[in-house]
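Below are the chains, spelled out letter by letter.
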Amino acid sequence: MTNVLIGYTGNVCSTPMVEYARSIEGVWVPILEQFDEYQLVQHFTDRKRVSSELANVLEALYRRRTSPYLETPSLLEQRGHGPIPTRDEKQDIVFKWRPMSRRARGSYKLRQVFSENDVRAAVIVRRSLSEQALKVYLSEKVYQSRHQQFAVAKLSEQDYAEYVNQQTQIRVTLSNAEMVQVGKIAKNFLERTHFMLQDMSYYFPAFNPMPAIIAEGVFTPGIDVNQYQTILSQLLGRPVRLPNATSPSVRKGGLNIENCENYEQVLSSRGLARLESKYEKLLARLNFISGPQSPEQSYPEPSKTPAEEVVASSLHEAA
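All chains use their own residue numbering, which begins from 1 and follows the written sequence. Per-residue local features are limited, in this predicted model, to residues with pLDDT of at least 70; the limit for side-chain atom pairs, both in listing and counting, is 80 or more; totals at the level of whole chains, interfaces and linings are taken over all residues. Side-chain descriptors were evaluated using all non-hydrogen atoms of the structure, hydrogens and water having been removed beforehand.

A. Representation of the overall build of the chain in the model. Of the regular secondary structure elements, the chain holds 13 helices and six strands. As a reference, a globule follows 2.2 Å times the number of residues to the power 0.38, and the radius of gyration itself is taken over C-alpha atoms. What you see for the chain is a C-alpha radius of gyration of 20 Å, in line with the 20 Å of a compact globule of 319 residues. For the chain, the spread of C-alpha atoms along the principal axes amounts to about 55 × 45 × 40 Å. Throughout, exposure labels follow a simple rule: accessible area from a 1.4 Å probe, protein chains only, divided by the maximum for the residue type, with under 20% read as buried, over 50% as exposed, and the rest as partly exposed. Looking at the 319 residues of the chain, the share that counts as buried comes to 52%. Secondary structure follows DSSP: runs of H or I at least 4 residues long count as helices, runs of E at least 2 residues long count as strands, and numbering of each begins at the N terminus.

B. Looking closely at the packing of aromatic side chains. For Phe, Tyr and Trp, where Trp contributes only its six-membered ring, two rings pair if their centres lie within 6.5 Å, and the inter-plane angle classes them as stacked under 30 degrees, edge-to-face over 60, or tilted in between. Within the structure shown, the criterion is met by 13 aromatic pairs. Arranged with centres 5.4 Å apart and planes meeting at 45°, the rings of F44 and Y69 form a pair that is tilted. Placement of F44 in the loop between α2 (37-43) and α3 (50-62) and of Y69 in the loop between α3 and α4 (73-78) is noted, with a sequence separation of 25 residues between them. By relative accessible area, F44 is classed as buried at 14%. Between the aromatic rings of F114 and Y203, the centroid separation amounts to 6.1 Å while the plane-to-plane angle is 85°, which identifies the pairing as edge-to-face.

C. A look at a positive patch on the surface. Only residues above 30% relative accessible area that lack a salt bridge enter a patch, with like-charged residues linked at up to 9 Å and the nonpolar side chains Val, Leu, Ile, Met, Phe, Trp and Tyr linked at up to 5 Å. Computed with the Shrake-Rupley method and a 1.4 Å probe, the accessible areas treat only the protein chains shown as cover for residues. A side-chain nitrogen of Lys or Arg and a carboxyl oxygen of Asp or Glu constitute a salt bridge if their distance falls within 4 Å. Note that His is not counted, nor are the chain ends; the positive residues are Lys and Arg, and the negative ones are Asp and Glu. To locate a charge, take NZ of a lysine, CZ of an arginine, CG of an aspartate or CD of a glutamate. On the surface, K187, R270, R274, K278 and K281 cluster together to form a positively charged patch. When residues in the positive patch are grouped by element, the largest group, four residues, is from helix α12 (residues 270-284). Tracing the chain through its elements places K278 in helix α12. According to the relative accessible area criterion, K278 is partly exposed, its value standing at 45%.

D. Representation of the confidence of the model for the chain within the structure. With 91% of its residues at a pLDDT of 70 or more, the chain has an overall mean of 89. Contacts from residues 292-296, a stretch scored under 50 in pLDDT, to residues over four places away or in other chains number eleven contacts. Per-residue confidence from the predictor is given as pLDDT, running between 0 and 100. Should any heavy atoms of two residues lie within 4.5 Å, those residues are considered in contact. In the model, residues 305-319 has pLDDT below 50 throughout and makes 15 contacts with residues more than four positions away in sequence or in other chains.

E. Up close: the environment of A206. With respect to the element layout, A206 can be found in the loop between α9 (176-203) and β5 (211-214). Overall, A206 belongs to the buried group, its relative accessible area being 17%. Along the chain, A206 and R285 lie 79 residues apart, while their C-alpha atoms are 15 Å from each other.

F. Highlighting the environment of S290. With respect to the helices and strands, S290 occurs in strand β6 (residues 287-290). For the pair S290 and I214, spaced 76 residues apart in sequence, the C-alpha to C-alpha distance is 7.9 Å.

G. The nonpolar core, seen in detail. Nonpolar core, defined: a set of buried Ala, Val, Leu, Ile, Met, Phe, Trp, Tyr and Cys residues in which side-chain atoms within 4.5 Å join the residues together. In terms of nonpolar packing, the biggest core is built from 95 residues, with F35 and Y228 touching the most fellow members. The leading source of residues in this core is α9, at eleven residues. In this view, F35 contacts L40, L54, V57, L58, L61, Y69, L70, F95 and W97; residues no more than four positions away in its chain are not counted.

H. Here's a closer look at the pattern of salt bridges. Applying the stated criterion across every chain, the model contains twelve salt bridges. Note that R49 is salt-bridged to E53, the shortest N-O span being 3.6 Å. In this structure, the salt-bridge partner of K141 is E178, at a minimum N-O distance of 2.7 Å. Separated by 37 residues along the polypeptide, K141 in helix α6 (residues 129-143) and E178 in helix α9 bring together distant segments of the chain.

I. Structural view of the pairing of β5. Alternating residues of β5 divide into P211 and I213 and A212 and I214, and every residue in both groups is buried. Note that strand β4 (residues 119-125) and β5 share three bridges and pair parallel. Its bridge partner lying in β5, V125 is registered against I214. Relative to β6, β5 is paired through three bridges, and the arrangement is parallel. Opposite A212, over in β6, you have F288 as the bridge partner. Any two strands with at least two DSSP-identified bridges between them are counted as paired.

J. Quick peek at the pairing of strand β1 (residues 2-7). Here β1 lies mainly inside the structure; six of its six residues are buried. Here β1 pairs with strand β3 (residues 92-97) via six bridges, running parallel. Of the residues in β3, the one forming a bridge with L5 is F95. In terms of strand pairing, β1 meets β4 through five bridges, oriented parallel. Considered in β4, the bridge of L5 is made with A121.

Written out as structure tokens, the structure reads:
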């Protein structure tokens, strides 16, 4: 039995990373984003207790017991309106999470639950901050949305083929003012990644350096089945295989940097290059468990810090 949690920020292919895991034998993916704070506050109206409430939900989840939140319509839909699977039915739990701030009231309770249930942590990140920011800006400029992957999922096959064909014709040249806007997006992503990594380190102190997945090493944008199986096998500590019918490609939404006529000028701008350098320093602190961007490594075992020390430290902070 293995519990895996993948930290993320957004626009990093986190959805396909966990959704493909649903098809692996013995794996239960109980949520999509229902443990993220923006959804929790819609249910638990006392914002000061959100971390504590989530800790209670997670404790029930890992013990395969139900709770009122796990019986809400969106959570029921995630498990096909059936009961919570037993450990014999689904031995492993995998889901993604935008970690709550380590400074939130009750955060120590979350850290305690993760420690007591031997949750294995990893994060998923983009290879390049600058390229991510440019792609997001192009999508917002052309489509008025940065979440094209959800929009194209609703298209018919014919409409999607037309959408892809139209993308090959799109050419955009960014002005100096627009380059500044790309830089603002990059700065926001840098800050979000920085805080996400700090928060994940707080909740999972036994994993140092933090195991990481490069999104482009798995989705380009189609899924690299071999890479995906390798990474999931490392995370779960057992060999896993996707069903033979798994499609080698997924629908891509949004534009590529090549749709920008002057993308080389944009990416080499002084401000964006400085932010990219800071991002590379963040990535250098991580332990990439697989992918062509770094030597393949085995998933690290947590450090030998006893769970009792983690819990005692948490209780001390709460006092």
